[in-house]
Amino acid sequence: MSTSSTTLDPGIIRELRRLLPHDAVLEGRDRLLVYESDGLTAYRSAPGAVVLPRTTEEVSRVLAFLHRQGVAVVPRGAGTGLSGGALATEGSVVVATPRMNQILQIDPMNRRARVQPGVVNAELSRATAPFGLCYAPDPSSQSACTLGGNVAENSGGPHCLKYGVTSRYVTGLVVVLPQGDVVELGRGSREPSGLDLVGLFVGSEGCYGLATEIEVGLVPIPPGVRTLLGIFREVEEAGAAVTEIMARGLLPAALEIIDGETIRAVESSVFAAGYPTDAGAALVVEFDGMEAGLDADVEEARNACQGAGAREVRLASGSQEREALWRGRKKAFGAMGRIAPDLMVQDATVPRSQLSAVLRRIGEIGREYDLTVANVFHAGDGNLHPNLLFDRRDPDQLRRVEAASSAIMDVCVEAGGTITGEHGVGLDKRRYMSRVISPEVMATMAGIRQVFDPAGLSNPGKVMPDGVNPFRFSPAGLPLGGAPGERLRELGFVPTPADTLPEPFQAALDGFPNGRIPPVFSPESTQAAADVLGEATREGWKVGFVGTGSSGLPSGAELLIHTGGMTGGTQHQGEDLTLATPAGASLGEVENALRGTGQWLPLGLPRLGSIGGALARGWGGGLESLYGAPRELVLGLTLVTGDGRTLEVGGRVLKNVAGFDLVRAVVGSRGVLGLMTQATLRLYPVPQQDVLLRVTVSGADEAWEVAGAVRCLPVPLAALEVVGPEGGVTSAEGGGGVPGAWQVVVRVHGRREEVDEILASVKGALGRRESVAVSREGASAEVERLLGWEARAPLLLRLKDTPGRLSTLMARVPKLISGLGPLRVAAHGLRGVVRVAPLGPLAAIPPAAALDLLGRLRREIQGEGGSLVAVRRPAAWALPREVGGDGGTAAPSVLRLEDSVRQVFDPAGILLSRERNL
């Protein structure tokens, strides 16, 4: 907590003025004063200069020049951060983005927007409101914070309980790396067919570079909203009410607690909201969605509050009162200035089941250190904000604030939580990182940071503690020689007999190139997997991973690791809506384990597949449109890297931004970063109603007409599928205007009344067409019947484009790969994903011919911005990189980033991908 100031060499200032407009370079103490801290005013340090670019090109020129000069750069948005993340380091230049404030595109048909980083969060929703859309993440500072800062911090907010944090909505980025290189990461019409660099960049706190364009997903504005206010005598009672609300299977949009100290500060300020000043705590509960059924949820929540001891529960009478309640909550930090001149905002997340106990202990810590602690926090996801009020001019108060902050972090970590849920590590939380992150994981994080910023000039001194060195590979011992099977037998590992493996796996083994089947090992523990992979790295054996439902194998493997032995030991934490499970457990086993609990894992995939396989691919079924991709459901992972290191990444809480997001790097990496052995997953309450509506139409044109009408409805759909005829489509038919039984399948989840209202809207879009409705268990069975062929297909292609271009894509695919014969086809109509599988035998198709066909398809799809992934293929089809993903159009710098990240996890390059050889 110090103040410093450093001047830059005048020559650097002169060059910056040459590179930018004259008024875009700030210097001098008075002009730099506003940049000496962010929202955490306990830390202050003036930069050497501030630059205010307007374009990607200007940012690139500035960063390239400063990199050559060895000058550190600190990216900065609106400066509302609360971790010291935008604090200038000694001799640095702040690159601030307030002038990069243009909304570049709003695409209502595909529900997305493209913006510059200086766009204020709330302004985007105002701009998209005329289209019936909004941007869901809503940090409390949303009236001031910018989207670039939100991306850097992976910001949360009150409504993230239902809608998720920033990383769920960012679909593409234009990034300027610290050396000045401009790279495009992802795009809404592309699948992350390589590593998810977008997910890895979000939350990197300015340590990987600066985002200059951001593509985000939008959601329909909910037509109905109800806001409930519960008044309690004690904050612990309010915490108990939160637990009870969630235990009843409700999913509010937001659950926020404000304690008595905060209430009194708010009510004596211009943000007065009508909270009773004699209350110990207030709980704001908000539900949104279709109007039908909202009142029933409100009554259920009211009963939960009263059962927990609420002295009063009232419903906001209209939009004016609702806005006042939220204004009081979101402006609470600003109101604290009426209590003390300075504020230390802590930010930790704990399991919901631990809320009351942790809040009680935080109160005790405040009394122990004679400090006023005011609590205002996101109770629904356990994200606490204990605010320590003090005067930084008093050295003794500063000392006590530091000690109390440390004690609060200890309490939260001991409860199974983490040190930061949404504010980031920045400068302030670096000292606590070792409490939740192991030395091995921190070294891995430092290694990835070095990939993006080898010189360490982008926001130095943030996130990682001093003294953490990037991971360096040092193989233990010399190669010992011998075949993989022989050496592992010597170590006590016995290969698994092929005839004991699942049938799809046996069939895939039969098709292995040249009839040479590599040894298969089924480790039953994380340590056993680490031993096998460590030995494989020392010997240089190529390794492939295969799961319970595998029907395709990685070509070139000299050793296969089958995860089917990693089962048992599933742990369900019902109060926290989480499940810890081995990666080898099948989705059917998880489904059975949760039966009768009122909770479920909404992956929407065939029951045969394993958890590890689903997470390795990184995509789910049609339910992604409502619940998010599998990576949104993963809280923590145990990963064994290619060289045998064991990394515990993430945790067991819903919001966690402690360090760089390695969970997102691993999920969807298709096994090339290591073997997942355990996962902690987020669960959801089982919806009251699960209804599938199926309509049969006469051809592809009519199917897409119906799907388009349904997709444009302003209602939340769980899934929208278009499924081609069982007999397939051919090049002659072209997939368009094809006679036959095409199906349009709509799935709806929610409250009974809500589902009825949505189905009425869907049937209105169908017109006079006949439809068949199936409920609950029958809905899942119907999905298996219509789409089960995907799990059995020896060749499965996955194409991604914008939803608005799907019908054109579906019509062209059969012509482009006519040599594969009739094709089964299906598409996720809300997400722009097409799945294609040949119906006929593949053995007669020469691998070279297959390569030519798929290469032609890739070029066509990627030429218009889409992507192609070979999800499953015959083992003999050793497809090169560009056929499996977007390598054909991605810039070499992006491919280098992917390869360098992979080397941090797999330094010897032994891991192979089943989808493609990266």
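Residues numbered from 1 in each chain as written. Predicted model: local features only at pLDDT ≥ 70, side-chain atom pairs only at ≥ 80, totals over all residues. Heavy atoms only, no water.

Here we look at helix H1 (residues 10–19)
Here is step 1 of the chain: For H1, the set of buried residues is Ile12, Ile13, Glu15, Leu16 and Leu19. Looking straight down H1, one finds its buried side chains confined to an arc of 165 degrees; they lie on one side. For H1, the exposed residues lying more than 90 degrees away from the buried face are Pro10, Arg14 and Arg18.
Here is step 2 of the chain: Where the residues of H1 are buried, they touch strand S1 (25–26), strand S2 (49–51), helix H3 (56–69) and strand S4 (93–96). (Buried < 20%, exposed > 50% of the residue type's maximum accessible area, 1.4 Å probe, protein only. Helix = DSSP H or I, 4+ residues; strand = E, 2+ residues; numbered from the N terminus. Arc of directions from axis to C-beta. Contact = heavy atoms within 4.5 Å.)

Some words on the confidence of the model for the protein
Here is step 1 of the chain: Averaged over all residues, the pLDDT of the protein equals 88, while 91% of them reach at least 70.
Here is step 2 of the chain: Here residues 734–738 is a poorly scored stretch, pLDDT under 50, and it has 22 contacts once near neighbours within four places are set aside; other chains count.
Here is step 3 of the chain: pLDDT under 50 marks residues 882–889. Its contacts with residues more than four places away, or in other chains, come to 27 contacts. (pLDDT = per-residue confidence, 0-100.)

Here we look at the side chain of Asp297
Here is step 1 of the chain: Mapped onto the fold, Asp297 is located in helix H10 (residues 294–307).
Here is step 2 of the chain: Sequence-distant contacts of Asp297, that is, excluding residues within four places in its chain, are made with Leu250, Phe287 and Arg751.

Here's the deal with the nonpolar core
Here is step 1 of the chain: In this structure, Leu283, Leu637 and Phe905 are the most contacted members of the largest nonpolar core, which totals 139 residues.
Here is step 2 of the chain: Not counting residues within four places of it along the chain, the set of residues in contact with Leu637 comprises Leu615, Leu647, Glu648, Val649, Val663, Val666, Val667, Met676, Gln678 and Ala679.
Here is step 3 of the chain: Membership of the second largest hydrophobic core comes to 51 residues, among which are Leu717, Val729, Leu820 and Ala827. (Core = buried A, V, L, I, M, F, W, Y, C linked by side-chain atoms within 4.5 Å.)

Considering the packing of helix H8 (residues 235–247) against helix H13 (residues 355–368)
Here is step 1 of the chain: At a closest axis distance of 8 Å, the pairing of H8 and H13 adopts a crossing angle of 160 degrees. Classified by the angle between their axes, H8 and H13 sit roughly antiparallel to one another. Classified by chirality, the crossing of H13 by H8 is right-handed. Within the contact between the two elements, H8 uses Val235, Glu236, Gly239, Ala240 and Val242 and H13 uses Leu355, Ser356, Leu359 and Arg360.
Here is step 2 of the chain: Residues belonging to the contact of H8 with H13 are distributed by class as follows: five nonpolar, two polar and two charged. (Axes fitted to C-alpha atoms, helices over the stretch in contact; angles between N-to-C directions. Parallel < 35°, antiparallel > 145°, perpendicular 65-115°, else oblique. Left-handed = near helix turned anticlockwise from the far one by under 90°. Nonpolar A, V, L, I, M, F, W, Y, C, P; charged D, E, K, R; others polar.)

So, empty space enclosed by the protein
Here is step 1 of the chain: A complete count under the given rule lists five cavities of 30 Å³ or more for this structure.
Here is step 2 of the chain: Considering only enclosed or pocket space, the largest cavity measures out at about 570 Å³ in volume.
Here is step 3 of the chain: Forming the boundary of the largest cavity are 35 residues, of which Asn154, Val634, Leu654, Asn656 and Asp661 lie nearest the centre.
Here is step 4 of the chain: Of all the secondary structure elements, the ones that give two or more residues to the lining of the largest cavity are helix H6 (160–163), helix H15 (439–452), strand S27 (634–640), strand S28 (646–650) and helix H22 (662–666).
Here is step 5 of the chain: Its volume calculated, the second largest cavity comes out at about 230 Å³.
Here is step 6 of the chain: Lining the second largest cavity are 20 residues; nearest its centre among them are Phe545, Gly612, Gly613, Ala616 and Gly671.
Here is step 7 of the chain: Listing elements by their share of the lining of the second largest cavity, those giving two or more residues are strand S22 (543–546), helix H20 (611–617) and strand S29 (675–682).
Here is step 8 of the chain: Among the elements that line the lining of the second largest cavity, the one with the most residues is H20, at four residues.
Here is step 9 of the chain: Considering only residue class, the lining of the second largest cavity consists of eight nonpolar, eight polar and four charged. (1 Å grid on protein atoms, 1.4 Å probe; cavity = no way out; pocket = protein on both sides within 12 Å on 5 of 7 lines; lining within 4 Å. Points joined across faces, edges and corners; volume = space filled by probe spheres on them.)

Thoughts on the sheet that holds strand S32 (residues 719–723)
Here is step 1 of the chain: Across the sheet, which stays open at both edges, the eight strands sit in the order S34-S31-S33-S32-S36-S37-S35-S38 with antiparallel pairing between neighbours. The sheet terminates laterally at strand S34 (772–775) and strand S38 (867–872), the two strands that pair on one side only. Between one strand axis and the next, the sheet turns by 20 degrees as a mean value, whatever way the strands run.
Here is step 2 of the chain: Note: strand S31 (residues 689–697) against S34, four bridges, orientation antiparallel. Paired with Val691 across the strands is Ser775, a residue of S34. (Pairing = 2+ DSSP bridges.)

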